[in-house]
Amino acid sequence: PIILNKYDFKSKKITIEKKGLSLSSPYEHVNLTDGVCTTYETNKDDTTTIHVIDFNNKDQLDISVPGSVSSPISNGEICVWVKGYDSNDRKTLFIYDITKDTLEQIEIPYAFSYGIIKDLILVNQQDGIYCYDIKNKEYKNLIETENISYGYTFQGLNNNIYAQEHGDDHGVNIINFNINE
């Protein structure tokens, strides 16, 4: 089991936030999006509890899910996850609308990694960056290329998502996706 610790720069103290957390791969990590931390733990009854911890408001929501979970992320309004780390487990995105208490799932070719900006989910499928618009139920390709592949997609602060771009020159570029209000 994994323990989530929090370091406070003002007090210079480490506190334990959560014990008993799980990861499905050494490449998986705890997600932090604009002060909302998303973790999970597997239970003995073949369910998984996703923890959405809002450090800003000191709130926590626990979402119970049947079966396994991998790579959950949340912005406090939406929580997204896949079933596992194997390629077949990453063909369905589970999208839980926290404010409406509804669960939706969409079938896609493969979700290597993904991020959330407001009510948009950006998905890296290695052959391009795709966007799922939750309001309009549309899944579109934002960036499609033949000679470039995309690596890990990760969250930034204030509605920013970053994606690794690997080109023919064997270099790595970082692309920033942002919604300005």
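See the structure printed just above.
Attention here is on the structure that accompanies the text. (Residues numbered from 1 in each chain as written. Predicted model: local features only at pLDDT ≥ 70, side-chain atom pairs only at ≥ 80, totals over all residues. Heavy atoms only, no water.)

1. A word on the pattern of salt bridges
Test applied: Salt-bridge detection follows one rule: a side-chain nitrogen of Lys or Arg within 4 Å of a carboxyl oxygen of Asp or Glu. Helix and strand definitions follow DSSP, with helices as H or I runs of at least four residues and strands as E runs of at least two, each counted in order from the N terminus. Burial status follows relative accessibility: with a 1.4 Å probe on protein chains alone, a residue under 20% of its type maximum counts as buried, one over 50% as exposed, and anything between as partly exposed.
Summed over all chains, the structure comprises four salt bridges. Between Glu-17 and Lys-6 there is a salt bridge; the shortest N-O distance is 3.9 Å. In this pair, Glu-17 sits in strand E2 (residues 13-21) while Lys-6 sits in strand E1 (residues 2-8), placing the two residues eleven residues apart along the sequence. Judged by its relative accessible area of 27%, Glu-17 falls in the partly exposed class. Of the residues examined, Lys-6 reaches a relative accessible area of 29% and is grouped as partly exposed. Measuring nitrogen to oxygen at the nearest pair gives 3.6 Å for the salt bridge that ties Glu-138 to Lys-140.

2. Describing the sheet that holds strand E6 (residues 59-66)
Counted only if it meets this: Whether two strands pair comes down to DSSP finding at least two bridges between them. For helices, the axis comes from a line fit to the C-alpha atoms of the stretch in contact; other axes are also lines fit to C-alpha atoms, and the angle between any two N-to-C directions lies between 0 and 180 degrees.
If you walk across this open sheet you meet the four strands as E3-E4-E5-E6, and the pairing is antiparallel. Two strands in the sheet have a free side with no partner beyond their single neighbour: strand E3 (31-33) and E6. Neighbour-to-neighbour, the strand axes of the sheet open up by a mean angle of 20 degrees, direction not taken into account. Where strand E5 (residues 47-54) and E6 come together, eight bridges link them in antiparallel fashion. In the sheet register, Thr-49 faces E6, and the bridge partner there is Ser-64.

3. Re the packing of aromatic side chains
Quick reminder of the rule: Here is the rule: rings of Phe, Tyr and Trp (six-membered ring for Trp) pair when centre to centre is within 6.5 Å. Planes less than 30 degrees apart are stacked, more than 60 are edge-to-face, and the remainder are tilted. Charge-over-ring contacts are defined here by two conditions on Lys NZ or Arg CZ: a distance within 6 Å of the ring centre and an angle within 35 degrees of the ring normal.
Evaluated as defined, the whole model comprises four aromatic pairs. When the centroid spacing of 5.9 Å and the interplanar angle of 5 degrees are considered together, the rings of Trp-81 and Phe-94 count as stacked. Here the residue Trp-81 occupies a position in strand E8 (residues 78-82), and Phe-94 occupies one in strand E9 (residues 92-97), the gap between them amounting to 13 residues. The class for Trp-81 is buried, based on a relative accessible area of 2%. Seen from their ring centres, Tyr-132 and Tyr-139 are 6.5 Å apart, and the 45 degrees between their planes marks the pair as tilted. Of the residues examined, Tyr-132 reaches a relative accessible area of 3% and is grouped as buried. Taking relative accessible area as the criterion, Tyr-139 reaches 29% and is therefore assigned partly exposed. Here the aromatic residues Tyr-130, Tyr-132 and Tyr-139 are joined through ring pairs into a cluster of three or more. Over the face of the ring belonging to Phe-94 we find Lys-83, whose NZ or CZ atom lies 5.3 Å from the ring centre.

Shape is all these values report; function is a separate question.
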